[in-house]
Amino acid sequence: DAGVIQSPRHEVTEMGQEVTLRCKPISGHNSLFWYRQTMMRGLELLIYFNNNVPIDDSGMPEDRFSAKMPNASFSTLKIQPSEPRDSAVYFCASTRQPQETQYFGPGTRLLVL
Amino acid sequence: KNQVEQSPQSLIILEGKNCTLQCNYTVSPFSNLRWYKQDTGRGPVSLTIMTFSENTKSNGRYTATLDADTKQSSLHITASQLSDSASYICVVSPRTSGTYKYIFGTGTRLKVLA
């Protein structure tokens, strides 16, 4: 198995631009998580999907952030408009069941200028 | 508030030496405690997992211990190697049915020098 796949790996954009991050979870995994990691705050859960349905989006910072999971093999995290404080590494993780070990993707390093 | 605190924040050791990383948590009750290793530029990878009833778990040169009474866990690395240079993250899962909200520590950055 290829593991969790994320794209792009790096993204540099200007403030106000739209950013779309993509994730392909491990096949057969029913739970998908989007995290944001910064030096100051560590890993923070943004949103959790189970069987393609958003269960908890309370971690999404603002209305500028949105996430979708149209099918079991694909999810997107969108930031519109982006701001410099959104600069961070964004991880996607998947697991078969919520309490099982999460498998993380390589992350997308986002820099908003 | 459920919290996971790790110490030290960073650590530098010489190759071949042992080291111990600490994790104190206030999450209670909890289901399990994990240690993850995160190499630079990569996502975290699970090293060990212990349920609340276990007090030690090994994975090669990595040994995790858990003291549920004092709410402390440690990760001991034996005979360190250059490839052990990474961040180590302690993660606690609250014991709530179907919970998905893992509580992450901010990690310990380990640097192993030749």
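None of these values were measured; they are calculated from a predicted model. (Residues numbered from 1 in each chain as written. Chains lettered and ligands numbered in written order. Predicted model: local features only at pLDDT ≥ 70, side-chain atom pairs only at ≥ 80, totals over all residues. Heavy atoms only, no water.)

> Explain the overall build of chain B to me, please; I cannot follow it from the model alone.
Scanning chain B from N- to C-terminus turns up 0 helices and 11 strands. Listing the helices and strands of chain B from first to last along the sequence gives β-β-β-β-β-β-β-β-β-β-β. Structurally, chain B occupies a C-alpha span of about 45 × 25 × 20 Å along its principal axes. Relative to its 114 residues, chain B shows a buried fraction of 44%. Across chain B, contacts joining residues at least 24 apart in sequence account for 57% of those joining residues at least 6 apart. Surface summary for chain B: the accessible area is close to 5,700 Å², and the carbon and sulfur share equals 48%. (Helix = DSSP H or I, 4+ residues; strand = E, 2+ residues; numbered from the N terminus. Buried < 20%, exposed > 50% of the residue type's maximum accessible area, 1.4 Å probe, protein only. Contact = heavy atoms within 4.5 Å. Areas by Shrake-Rupley, 256 points an atom, 1.4 Å probe, with all protein chains shown as cover.)

> Looking at this structure, I do not really get the pairing of strand β3 (residues 19-25) of chain B. What am I missing?
Regular strands have side chains that alternate between both faces of the sheet. Residue and element names in this part refer to chain B. Residues Cys 19, Leu 21, Cys 23 and Tyr 25 of β3 are buried on one face, while the alternating residues Thr 20, Gln 22 and Asn 24, pointing to the opposite face, are not. Of the strand pairs in this sheet, strand β1 (residues 4-7) and β3 are connected by 4 bridges, and their pairing is antiparallel. Bridge pairing in β3 places Ser 7 opposite Gln 22. Across 6 bridges, the pairing between β3 and strand β8 (residues 72-77) is antiparallel. Directly across from Leu 21, in β8, lies its bridge partner Leu 75. (Pairing = 2+ DSSP bridges.)

> Honestly, the nonpolar core in this entry has me stumped. Any pointers?
Inside soluble globular proteins, nonpolar side chains tend to come together where they are buried. Ranked by internal contacts, the top residues of the largest apolar core, which has 24 residues, are Val 4, Tyr 25, Leu 33, Trp 35, Leu 75 and Tyr 88 of chain B. For this core, the elements supplying multiple residues, two or more each, are β3, β4 (30-38), β5 (45-51), β7 (62-67), β8, β9 (86-94) and β11 (108-113) of chain B. Setting aside its immediate chain neighbours within four residues, Tyr 88 of chain B contacts Gln 6, Leu 21, Trp 35, Tyr 36, Lys 37, Leu 47, Tyr 62, Leu 75, Ile 77, Gly 107, Thr 108 and Leu 110 of chain B. Core analysis: the next-biggest nonpolar cluster, separate from the first, contains 21 residues, Val 19, Trp 34, Met 60 and Val 112 of chain A among them. (Core = buried A, V, L, I, M, F, W, Y, C linked by side-chain atoms within 4.5 Å.)

> What should I look at first to understand the sheet that holds strand β8 (residues 74-79) of chain A in this one?
Across a sheet, strands are paired by hydrogen bonds formed along the backbone, either parallel or antiparallel in direction. Residue and element names in this part refer to chain A. With antiparallel pairing, 4 strands are arranged side by side in an open sheet as β1-β3-β8-β7. Of all the strands in the sheet, just β1 (5-7) and β7 (65-71) have a single pairing partner and so form its edges. On average, each strand axis in the sheet is tilted by 15° relative to the strand beside it, whichever way the strands run. With 3 bridges joining them, β1 and strand β3 (residues 19-24) adopt antiparallel strand pairing. Bridge pairing links Ile 5 to Lys 24 in β3. (Axes fitted to C-alpha atoms, helices over the stretch in contact; angles between N-to-C directions.)

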